[in-house]
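What follows is each chain in one-letter form.
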Amino acid sequence: MTDALLPRGAAEPAPDRCFFRKGCNPLAETGRSKLQNQRAILNQQILKAVRLRAGAENLLRVTTNNKVREQVLLELSFVNSDLQILKEELEGLNISVEVYQNAEEAFSIPLVPLGLKETKEVDFTIPLKDFILEHYSEDSSEYEDEIADLMDLRQACRTPSRDEAGIEMLISYFNQLGFIENRFFPPTRHMGILFTWYDSFTGVPVCQQNLSLEKASILFNIGALYTQIGTRCNRQTQSGLENAVDAFQRAAGILNYLKETFTHTPSYDMSPAMLSVLAKMMLAQAQECVFEQISLPGIRNEFFTLVKMAQEVAKVGEVYMLVDTAMNQAPVKENIPYSWSKLAQIKSDHYKALAHYFVATILSDHKLQSTDDEDQQEKIWSQLYDHMPEGLTILTILKDKVQRQQLGKAHLRKALVYHEDALRACGLCRKLRNIDILQEILTVAHKRSLLKYAQQEQEDDFLSLIQAPDILPKTEHKVDMVSPQLSKVKVKDFFHRLSLGLKEGDYIISVEGMDCKWLGVNEVLEKLKSKGEQDIEIQVISCQDTTASMHSKSATYSVGMQKTYSLICLAMEEDKIDHSKKTTTPKVPFLSWGAKNRQKAASTLCLPSAVAGSSQTKKLTSPFTLLNTESSLY
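Rules used in this analysis
- Residues numbered from 1 in each chain as written.
- Predicted model: local features only at pLDDT ≥ 70, side-chain atom pairs only at ≥ 80, totals over all residues.
- Heavy atoms only, no water.
- Helix = DSSP H or I, 4+ residues; strand = E, 2+ residues; numbered from the N terminus.
- Buried < 20%, exposed > 50% of the residue type's maximum accessible area, 1.4 Å probe, protein only.
- Contact = heavy atoms within 4.5 Å.
- Areas by Shrake-Rupley, 256 points an atom, 1.4 Å probe, with all protein chains shown as cover.
- Phe/Tyr/Trp six-rings, centres within 6.5 Å; stacked < 30°, edge-to-face > 60°.
- Lys NZ or Arg CZ within 6 Å of the ring centre and 35° of its normal.
- Polar contact = N/O pair within 3.5 Å; in protein donor to acceptor, adjacent residues only side chain to side chain.
- Axes fitted to C-alpha atoms, helices over the stretch in contact; angles between N-to-C directions.
- Parallel < 35°, antiparallel > 145°, perpendicular 65-115°, else oblique.
- Left-handed = near helix turned anticlockwise from the far one by under 90°.
- Salt bridge = Lys/Arg side-chain N within 4 Å of Asp/Glu carboxyl O.

Asker: Would you mind showing me how to read the overall build of the chain here?
Answerer: The secondary structure content of the chain amounts to 18 helices and 8 strands. Evaluated residue by residue, the chain yields a buried proportion of 50% over its 634 residues. Of all intrachain contacts in the chain linking residues separated by at least 6 positions in sequence, the fraction that spans at least 24 positions is 76%. Carbon and sulfur atoms provide 52% of the accessible area of the chain, an area that totals close to 31700 Å².

Below you can see the structure in the form of structure tokens.
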């Protein structure tokens, strides 16, 4: 469980302060935390090996000494072997599905969750304090608590709880990053903050100085956490299966949103091709849970029920076949865990076998009776196959006992082939071979089909040339991605105090949406006074002294909203001009820049710049204390 984590220095959650939830105890000895700790250790070992390989390859390129080349080649062979071993260990963590399953599940095929991406700690303190002082001209020491809150929230996101509270915490940090990006990360400069995230499949670190990698990785972890929630649900209850379906659909939606939003993330696990495959896998697991949900009350040995179940389970086999095909395509094949691909193949074969078993049961146990609706059954059979076996018609299947039995045995033979393929694939994969529950389920299903086949009348099967056709997949409960609703998690900007109130020297440019750049002082004052005690929306511009050593900046904002990055360079005096020959010229007014450079400043207009705020008499009058004439403000 998570606890409320208040901002530093606050005894209780005040209404005007932000508070959030903290993550799980990273030192807790839970199965999931152990896996994450092992993942972090492997990431460091992989990083060391990658650096050794890079150094050896560089030396190999520049050296001309044959003896050195031989030593370097030998060292490279050892390093590559170590990397392969580490990669296999990382794959072992990715297939450690038992840890994430519900403890009460007795007989369910394991589902695959995604592990959380690991990251290094980030210290925002110095870069943000420097930027606050430089850009906002405010005392940066007054924002130490806000910076600490931001760092605490990021640290908590490294160990989120496996429930909705953990999801909300990750989304709140993602939304908070939007405020941070607008305030502190201008597109024209780097803040000197390096974000490092490790690839969840290869363990290779990726570093960037902008927030794109940070935001993309948080989205990936939101999707990963949804998959862990889905695998944790109790699949022996209807409510548990409903929650599992919902979780996998939301995971697929997040991964698809990540694919469409961050298209150039330099990490294999977040490449468009990989994210597309992962989303397909989550939807396949959701479809699997739908079938389990339908079959949970039990499958009645009744004609129409068996037809429905055959097509439902055939749908599960089809979606897993598509996942297996996608996993074996370049470039995904090189990085996807081999055991995941084999598990998709096993599930495809297993569920196809079940579909043929259900149809064989229909043919052997449900002969057409005089009380049955012949037209209805004929219609059902026409929808069950894409084509009829050669030499057979639907009426023959309904009325000819011998042909019906032969077709039933053909379906059983096909079911046995699929069962044996699934068992063989499971035995060839060392990781899957060690999952006892998977082996047990596959073995029980195989024995059931063998028993059904043995119960048929003993005939010379070599005389039967009937081949069982494929069963058309069909579902009444198709699963779809659930688009993320990130805006539903409301967060309060940690640094909202940076834009509260007005300062002496700010220029009012708009009152209640009305342009007042060219109005006189008295006219603006009249508009402000006319509102009395009502809330009033204004826009102001903060200008710095143009004699400063750096380019002056201004920011347009309204009360309650952050200052935006205008980065407008005002006219600066040329220091190299001889003062004796210099003619006095008036400084370029701020508004002349706006009139001449509207197109150039278009990029600054897309940022939020206006929200409603309350006027304050002291603050509102301060910009005019230096002006005593009726002339224009500028």
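Now that the structure is up, let's keep going.
Asker: What is the right way to read the environment of Leu395 from this model?
Answerer: Within the fold, Leu395 resides in helix α12 (residues 394-399). Accessibility expressed as a relative area gives 39% for Leu395, which makes it partly exposed. Along the backbone, Leu395 and Trp381 are 14 residues apart, and their C-alpha atoms lie at a distance of 9.7 Å. With near-sequence residues (within four places) excluded, Leu395 lies in contact with Glu374, Glu378 and Asp400.

Asker: What is the right way to read the packing of aromatic side chains from this model?
Answerer: A complete count under the given rule lists 13 aromatic pairs for this structure. Through a chain of ring-to-ring contacts, the aromatic side chains of Phe131, Tyr136, Phe184 and Phe495 assemble into a single cluster. Sitting above the plane of the Tyr357 ring, Arg448 keeps its charged end 5.2 Å from the centroid. The ring of Tyr143 is capped by Arg497, whose NZ or CZ atom sits 4.5 Å from the centre of that ring.

Asker: What's the story with unusual backbone geometry in this structure? I'm lost.
Answerer: What is expected of a backbone is that most residues other than glycine have negative phi and most peptide bonds are trans. At the junction of Ala330 and Pro331, the peptide bond is cis and its omega measures out at 0° in the coordinates. Looking at where Pro331 falls in the secondary structure, it is placed in the loop between α9 (303-327) and α10 (338-365). The backbone of Ser137 shows a phi angle near 55°, a positive value even though the residue is not glycine. Looking at where Ser137 falls in the secondary structure, it is placed in the loop between α3 (125-136) and α4 (144-156). Among the residues examined, Ser137 registers a relative accessible area of 46% and is labelled partly exposed. Positive phi is not limited to glycine here, since Glu512 has a value of about 55°. Tracing the sequence through the fold places Glu512 in the loop between β5 (507-511) and β6 (514-515).

Asker: Would you take a moment to explain the side chain of Lys215 for this structure?
Answerer: Tracing the sequence through the fold places Lys215 in helix α6 (residues 212-232). Overall, Lys215 belongs to the buried group, its relative accessible area being 14%. A polar contact is formed between the side chain of Lys215 and the side chain of Glu181, at a distance of 2.9 Å.

Asker: Looking at this model, I keep getting lost on the packing of α4 against helix α5 (residues 164-184). Mind explaining?
Answerer: The packing of two helices is summarised by the inter-axis angle and the distance between the axes. Between α4 and α5, the least distance of the axes is 10 Å, while the angle of their chain directions is 140°. Taken together, the axis directions place α4 and α5 in an arrangement best described as oblique. Regarding α4 and α5, the two cross each other, and that crossing is left-handed. For the pair formed by α4 and α5, the contact residues are Leu150, Leu153, Arg154 and Ala156 on the first element and Met169, Ser172, Tyr173, Gln176 and Ile180 on the second.

Asker: What exactly am I supposed to notice about the pattern of salt bridges here?
Answerer: A full pass over the atoms with the stated rule returns 18 salt bridges. A salt bridge links Lys215 to Glu181, with the shortest nitrogen-to-oxygen separation between them at 2.9 Å. With Lys215 in helix α6 and Glu181 in helix α5, the pair connects residues that are 34 residues apart, well separated along the chain. The shortest N-O distance in the salt bridge between Asp365 and Lys452 comes to 3.0 Å. Taken together, the positions of Asp365 in helix α10 and Lys452 in helix α15 (residues 436-454) put the pair 87 residues apart, joining distant regions of the chain. Here Asp365 falls in the partly exposed class, since its relative accessible area comes to 35%. By relative accessible area, Lys452 is classed as buried at 9%.

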